[in-house]
Amino acid sequence: MRLSNNLMYQSSLNSILNNQQNVSKAQEQVNTQKRVLTASDDPAAASRALQYTDRIQSNEQYSKNITMLNSRLNIEEGALENIKSALERAHTLTIQSGNGVYSAADREGLAEEIKALQSTVLDLMNSKTEDGKYIFSGYQDNTQTYSLDSSTGLYVYGGDQGQHMIKIAEGVDIKSSDNGFDAFEKVDARLDVVSNDGVVSGGITSSKVYVTEQGQFDTFHKQNYNPDPAAAAGANTLNVITTAGSPNTYQIEQAGTILATGNINDSVIKFAGMEISVTPVATGQIDITLEAPKKENVLNSMSELIAGLTNPALTEEEYEQVIADSLVQITNAKNNVSLTQAGLGGRINTAEKVLQSNTDLDINNKSARSDLVDIDITEAITELTKQETALQASQATFGRLANLSLFDYL
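Conventions adopted
- Residues numbered from 1 in each chain as written.
- Predicted model: local features only at pLDDT ≥ 70, side-chain atom pairs only at ≥ 80, totals over all residues.
- Heavy atoms only, no water.
- Helix = DSSP H or I, 4+ residues; strand = E, 2+ residues; numbered from the N terminus.
- Buried < 20%, exposed > 50% of the residue type's maximum accessible area, 1.4 Å probe, protein only.
- Contact = heavy atoms within 4.5 Å.
- Areas by Shrake-Rupley, 256 points an atom, 1.4 Å probe, with all protein chains shown as cover.
- Patch = residues over 30% accessible without salt bridge, like charges linked within 9 Å, V, L, I, M, F, W, Y side chains within 5 Å.
- Salt bridge = Lys/Arg side-chain N within 4 Å of Asp/Glu carboxyl O.
- Lys, Arg positive; Asp, Glu negative; His and termini not counted.
- Charge placed at Lys NZ, Arg CZ, Asp CG, Glu CD.
- Expected span 1.5 Å × (residues − 1).
- pLDDT = per-residue confidence, 0-100.
- Pairing = 2+ DSSP bridges.
- Axes fitted to C-alpha atoms, helices over the stretch in contact; angles between N-to-C directions.
- Phe/Tyr/Trp six-rings, centres within 6.5 Å; stacked < 30°, edge-to-face > 60°.
- Lys NZ or Arg CZ within 6 Å of the ring centre and 35° of its normal.

Caption draft 1: Looking closely at the overall build of the protein. When helices and strands are tallied, the protein shows 8 helices and 12 strands. Each of the 410 residues in the protein was classed as buried or not, and the buried ones make up 38%. The contacts in the protein between residues at least 6 apart in sequence include a share of 67% that link residues at least 24 apart. Counting only carbon and sulfur atoms, one obtains 50% of the accessible surface of the protein, whose full area is about 22300 Å².

Below is the structure:
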């Protein structure tokens, strides 16, 4: 076949251009250390590499989420720890206030310190995140968690029962906060009777009822209180029926069931942790109603304690009841904070383990992606050298062909 000059020139030019393209690609592979530069280089590897890239990017976002989660949980942990410390001090002061030798001035001094502790607890309950959101307000995190209702004199919760969640791994969502309802409102108040004044009839003119052994009374209350709202009237009323004689006797009934019988000694009946006074000892009846279980936030419990410490009109028995209420309720509040801390600590530990797992996954994903698209640098340099040699050969050949002439052979 006869080769024209144009065909030789075009063939040589195409060869040089192809070799230049190969050199350029080899240089880019060396510079980027990537074997797959475009999807067309290896479609299967490129597709799988994209999947690994998506996983790596997801893990990066999860790591950022864990950083945010840890920040918020650590802020909450600090607030709860300080609240518990304040409540422990309040508990100690409450025990001190029960000292019978303390004067009115001593009690005033205790009340002032408890006021300061109450203010500290209030501030901590209203703690905020780094972006100004109230930690313990649930979904209503732009609303102050606790505030004083001036019309009632009670501290009220302004949030809801929601809990924010942060996704830290595929299928793993962690609570980033605890709402104040669970942490501070669900605190059991002291179990008691509705009134310390028994309802009397017959020859009895007055009766005082005080819970003096809280443990015994709590057991009795839990076993005998009927929470059914449809229960018959008087279902939670104890009827103490007294009979004057020699000896003076009593019988205690609830809804027609006899719970106890015995003799009245020194005008007092002791039953289920209660002391029931009978004045005078005569044939008659005393009705005592068990108070329904209730919840009380510790801010209001501390307010009641402060009021009791600064009220000189209280009888000794009434004052002792204030102290008893406060001891139980502050203890229960402190225990509830500890339970909240335990749950929070579990979440912090979970976040740390998930972060470690995400880090391991990230390493594995990057390694797998590297195996698919990265290049062996030695192999890449060898390939570049080969392509450069081929280009040089093409250029040299083209130069020699361009100088060919029949006159060279004449």
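The structure having been displayed, the exposition proceeds.
Caption draft 2: Expanded view of a negative patch on the surface. Taken together, the side chains of Glu-316, Glu-317, Glu-318 and Glu-320 make up a negatively charged region of the molecular surface. By secondary structure assignment, the location of Glu-317 is in helix H7 (residues 316-373).

Caption draft 3: Structural view of the pattern of salt bridges. Under the definition given, this model contains 12 salt bridges. Notably, a salt bridge pairs Glu-130 with Arg-72, separated by 3.7 Å at the nearest N-O pair. Note that Glu-130 is positioned in the loop between helix H3 (104-125) and strand E1 (146-149) and Arg-72 in helix H2 (residues 43-97), a separation of 58 residues in sequence. On the basis of relative accessible area, Arg-72 is assigned to the buried category, the value being 17%. The shortest N-O distance in the salt bridge between Lys-115 and Glu-112 comes to 3.4 Å.

Caption draft 4: The arrangement of helix H6 (residues 298-309) in detail. Over its 12 residues, H6 runs 16 Å from end to end, which matches the ideal 16 Å to within 8%, given 1.5 Å per residue. With 9 of 12 residues buried, H6 is to be regarded as a mostly interior element. Among all positions in H6, only Val-298, Leu-299, Asn-300, Ser-301, Met-302, Leu-305, Ile-306, Gly-308 and Leu-309 are buried.

Caption draft 5: Examining the confidence of the model for the protein more closely. Per-residue confidence for the protein gives a mean pLDDT of 84; residues scoring 70 or more make up 77%. Here helix H1 (residues 5-32) stands out as the element of the protein with the lowest mean pLDDT, 57, in contrast to strand E12 (residues 284-289), whose mean of 97 is the highest.

Caption draft 6: Main features of the sheet that holds strand E11 (residues 274-277). Taken together, 3 strands build an open sheet; the order of strands is E6-E11-E10 and the sheet is antiparallel. Lying at the two open borders of the sheet, with one neighbouring strand each, are strand E6 (209-211) and strand E10 (268-271). Taking the axes of each pair of neighbouring strands and ignoring which way they run, one obtains an average angle of 20° across the sheet. Where E10 and E11 come together, 4 bridges link them in antiparallel fashion. Residue pairing for E11: Val-268 is matched across the bridge by Ser-277.

Caption draft 7: Main features of the packing of aromatic side chains. As enumerated under the stated definition, the model contains 4 aromatic pairs in all. Connected via pairs of aromatic rings, a cluster forms that spans Phe-136, Tyr-146, Tyr-157 and Phe-184. Residue placement shows Arg-107 over the ring face of Tyr-319; its charged tip is 3.7 Å from the ring centre.

Caption draft 8: Structural detail: the sheet that holds strand E9 (residues 257-263). Overall, antiparallel pairing links the 5 strands, which are arranged E5-E12-E7-E8-E9 in an open sheet. Strands with a single pairing partner mark the edges of an open sheet, and in this sheet they are strand E5 (199-202) and E9. Neighbour to neighbour, the strand axes of the sheet diverge by 20° on average, direction disregarded. Examined bridge by bridge, strand E8 (residues 249-254) and E9 share 6 bridges and lie antiparallel to one another. Each residue of the ladder has a partner; that of Thr-249, found in E9, is Asn-263.

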